[in-house]
Amino acid sequence: MVKTFLDFTRPVELNLSEVALDAFVHEIVELASPQAAAAGIRVAVNEGYRRDQHPRDVDLMKQAILNVVVNAIEAMPNGGELRIECSMHTDEAEIRISDTGTGIPPELREKIFRLYYTTKPEGSGSDWP
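Please read these numbers as outputs of a predicted model, since none were measured by experiment.

Criteria and cut-off values
- Residues numbered from 1 in each chain as written.
- Predicted model: local features only at pLDDT ≥ 70, side-chain atom pairs only at ≥ 80, totals over all residues.
- Heavy atoms only, no water.
- Core = buried A, V, L, I, M, F, W, Y, C linked by side-chain atoms within 4.5 Å.
- Buried < 20%, exposed > 50% of the residue type's maximum accessible area, 1.4 Å probe, protein only.
- Helix = DSSP H or I, 4+ residues; strand = E, 2+ residues; numbered from the N terminus.
- Contact = heavy atoms within 4.5 Å.
- Pairing = 2+ DSSP bridges.
- Axes fitted to C-alpha atoms, helices over the stretch in contact; angles between N-to-C directions.
- Left-handed = near helix turned anticlockwise from the far one by under 90°.
- Nonpolar A, V, L, I, M, F, W, Y, C, P; charged D, E, K, R; others polar.
- Salt bridge = Lys/Arg side-chain N within 4 Å of Asp/Glu carboxyl O.
- pLDDT = per-residue confidence, 0-100.
- Lys, Arg positive; Asp, Glu negative; His and termini not counted.
- Polar contact = N/O pair within 3.5 Å; in protein donor to acceptor, adjacent residues only side chain to side chain.
- Expected span 1.5 Å × (residues − 1).
- Arc of directions from axis to C-beta.

## Here's the deal with the nonpolar core
Burial of nonpolar side chains together is a common tendency in soluble globular proteins. Counting residues in hydrophobic clusters, the biggest one holds 19 residues, and the most contacted among them are Phe24, Val25, Ile41, Val69, Ile73 and Leu82. Elements supplying a minimum of two residues to this core: α2 (21–38), α3 (58–74) and β4 (80–89). Sort the elements by how many residues they give to this core and α2 lands first, with 7 residues. The contact partners of Val69, leaving out residues within four places of it in the chain, are Ile28, Ala32, Leu82 and Ile97.

Right, here's the structure in full:
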């Protein structure tokens, strides 16, 4: 946890590589599918985007997207659908993740972008106000 905290205090060096958006998204789906299937969640992927290659830091993007996907899966304890939609806008890729879970309670929405904020008992953050 200390290492992670210290990582936020120094500039991140990006390791850019050319990656096709469809290949990247399919890798995310492959990684998340076992957990989703075990929870009774169907994963739907929009395939209506160009397969252009664009530079991105694959490891950082994968970490960020998987975190959102895992949170979405955990928000649907009774099953549901996880949707991943992708689109390209000139030289920018957009990845949208949505689920049929209960959503974030209104009183917590302003807190979710706080570093280390969590409401999970096993999370690495705290639920301080």
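## A closer look at the sheet that holds β4
The strand order β2-β4-β5 describes an open sheet built from 3 strands, whose pairing is mixed. If you trace the sheet from one side to the other, it starts and ends with β2 (41–45) and β5 (92–99), each paired once. Taken pair by pair, the neighbouring strands of this sheet meet at an average axis angle of 15°, ignoring direction. Here β4 runs beside β5; their pairing, made up of 8 bridges, is antiparallel. In the sheet register, Glu85 faces β5, and the bridge partner there is Arg96. Strands β2, β4 and β5 of the sheet are contacted by α3, whose axis makes an angle of about 15° with β5.

## Overview of the packing of α2 against α3
Direction vectors running N to C along α2 and α3 enclose 35°, while the axes themselves pass 10 Å from each other. The interaxial crossing formed by α2 with α3 has right-handed handedness. Counting all contacts with α2, which are made through Phe24, Glu27, Ile28, Leu31, Ala32, Gln35 and Ala36, the residues of α3 involved are Val58, Met61, Lys62, Ile65, Leu66, Val69, Val70, Ile73 and Glu74. Residue composition of the contact of α2 with α3, grouped by class: 12 nonpolar, 1 polar and 3 charged.

## Here we look at the pattern of salt bridges
One pass over the structure, following the stated rule, counts 4 salt bridges. A salt bridge links Arg42 to Glu81; the nearest nitrogen and oxygen atoms lie 2.7 Å apart. Remark: Glu81 occurs in strand β4 and Arg42 occurs in strand β2; sequence separation between them is 39 residues. For Arg83, the salt bridge identified is with Glu81, shortest N-O distance 2.9 Å. Members of the salt-bridge network, linked through shared partners, are Arg42, Glu81 and Arg83.

## With respect to the confidence of the model for the chain
Summing up the model confidence of the chain, the mean pLDDT is 83 and the portion of residues at 70 or higher is 81%. Per-element averaging of pLDDT across the chain places helix α1 (residues 2–7) at the bottom with 63 and β2 at the top with 96.

## Re the side chain of Asp57
Note on placement: Asp57 falls in strand β3 (residues 53–57). Although Asp57 is buried, it makes no salt bridge; Lys62 carries the closest opposite charge, 9.1 Å away. Among the polar contacts listed, one links the side chain of Asp57 to the backbone nitrogen of Asn15, at a separation of 2.7 Å. Only 3.1 Å separates the side chain of Asp57 from the backbone nitrogen of Leu60, close enough to count as a polar contact. Aside from chain neighbours lying at most four places away, what touches Asp57 is Glu13, Leu14, Asn15 and Leu16.

## Some points on α3
Between its first and last C-alpha atoms α3 spans 24 Å; for 17 residues at 1.5 Å apiece the expected length is 24 Å, and the two agree. Taken together, the buried positions of α3 are Val58, Lys62, Ile65, Val69, Ala72 and Ile73. All buried residues of α3 project into a common sector of 95° when viewed along the axis, lining one side. Seen from the open side of α3, the exposed residues pointing more than 90 degrees away from its buried face are Asp59 and Gln63. One side-chain oxygen at the N-terminal end of α3 lies 3.3 Å from the backbone nitrogen of Asp59; it belongs to Asp57.

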